[in-house]
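Listed here are the chains, written in short residue letters.
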Amino acid sequence: MTEHSKIDPRTLLWDVTEFLWHEADILDRKDYDTWLDLWIEDGVYILPIGEGDDYENQLNLCYDNDKMRRMRIDRFKRGFSISSAPAADTIRTVSRIAIESAEGDMITLRAAEHLIEDKFGRQRTWAANLSYRLRKTDGGFKIDRKIARLLNSDGMLNSFSYLF
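Here is what the cut-offs are and how they apply
- Residues numbered from 1 in each chain as written.
- Predicted model: local features only at pLDDT ≥ 70, side-chain atom pairs only at ≥ 80, totals over all residues.
- Heavy atoms only, no water.
- Salt bridge = Lys/Arg side-chain N within 4 Å of Asp/Glu carboxyl O.
- Helix = DSSP H or I, 4+ residues; strand = E, 2+ residues; numbered from the N terminus.
- Buried < 20%, exposed > 50% of the residue type's maximum accessible area, 1.4 Å probe, protein only.
- Pairing = 2+ DSSP bridges.
- Axes fitted to C-alpha atoms, helices over the stretch in contact; angles between N-to-C directions.
- Contact = heavy atoms within 4.5 Å.

*Asks:* Quick question: what am I supposed to make of the pattern of salt bridges here?
*Replies:* Two side chains of opposite charge can pair, provided their charged atoms sit close to one another. Under the counting rule described, the total for this entry stands at 13 salt bridges. Of the charged contacts, one joins D28 and R92 as a salt bridge, the two residues approaching to 2.8 Å between their closest N and O atoms. Of this pair, D28 sits in helix α1 (residues 9-28) while R92 sits in strand β3 (residues 89-103), and the two are 64 residues apart along the sequence. Assigned by exposure class, D28 and R92 land together as buried. R110 serves as the salt-bridge partner of E100, at 3.1 Å between the closest nitrogen and oxygen. Of this pair, E100 sits in strand β3 while R110 sits in strand β4 (residues 106-119), placing them 10 residues apart in sequence. The class for R110 is partly exposed, based on a relative accessible area of 37%.

*Asks:* Is there a simple way to think about unusual backbone geometry in this case?
*Replies:* One non-glycine residue, R96, adopts positive backbone phi at about 50 degrees. Relative to the helices and strands, R96 resides in strand β3. In the Ramachandran plot, F120 falls in the positive-phi region, its phi being about 55 degrees despite a non-glycine side chain. With respect to the helices, strands and loops of the structure, F120 is situated in the loop between β4 and β5 (122-137). On the basis of relative accessibility, which here comes to 61%, the residue F120 falls in the exposed class.

*Asks:* Just checking my understanding: could you explain the sheet that holds β5 for this structure?
*Replies:* Strand order in the open sheet made by the 6 strands is β2-β1-β6-β5-β4-β3, with mixed pairing throughout. If you trace the sheet from one side to the other, it starts and ends with β2 (60-64) and β3, each paired once. Each strand of the sheet is rotated relative to its neighbour by a mean of 20 degrees, with strand direction disregarded. With 10 bridges joining them, β5 and strand β6 (residues 140-150) adopt antiparallel strand pairing. Looking at β6, one finds that N129 is bridged to R149. Strands in contact with α1 are β3, β4, β5 and β6; relative to β3, the strand with the most contacts, it is inclined by about 150 degrees. Along the sheet, helix α3 (residues 66-78) makes contact with β1 (39-48) and β2, crossing β1 at roughly 70 degrees.

Okay, structure coming up:
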């Protein structure tokens, strides 16, 4: 750790944890405009299929830049997608948060997410390994990159009316 070496690692872990829990709460409340504000403009949101990390050249469930994130949110909000009519209710838990590196204003971390979806009176459970690259700004953290690797991403998946 360079610039953050003066910061207590426990304080940084708490600040990052608080940010991830805040993001989960925003997503569970479907407060998508607030979620969009968590991103830097050139950030990328990725839901890969299967293994591999050449996301630009492999099949992904999502590979969203700012424009695609906004278009996806617009479809959710307007109900223009079969997967979002009606939108599922979700409760997510984010845990096992580990900071991998903190250099300058960039923090790389990983976490686990359990998401319960309720739609049409049926509940489904999803689990994902999350990877983030956060940028520390004067206004708090901003998401530079988020990768949600579903445990069964190469298996049978249903349409999603929410974000991971």
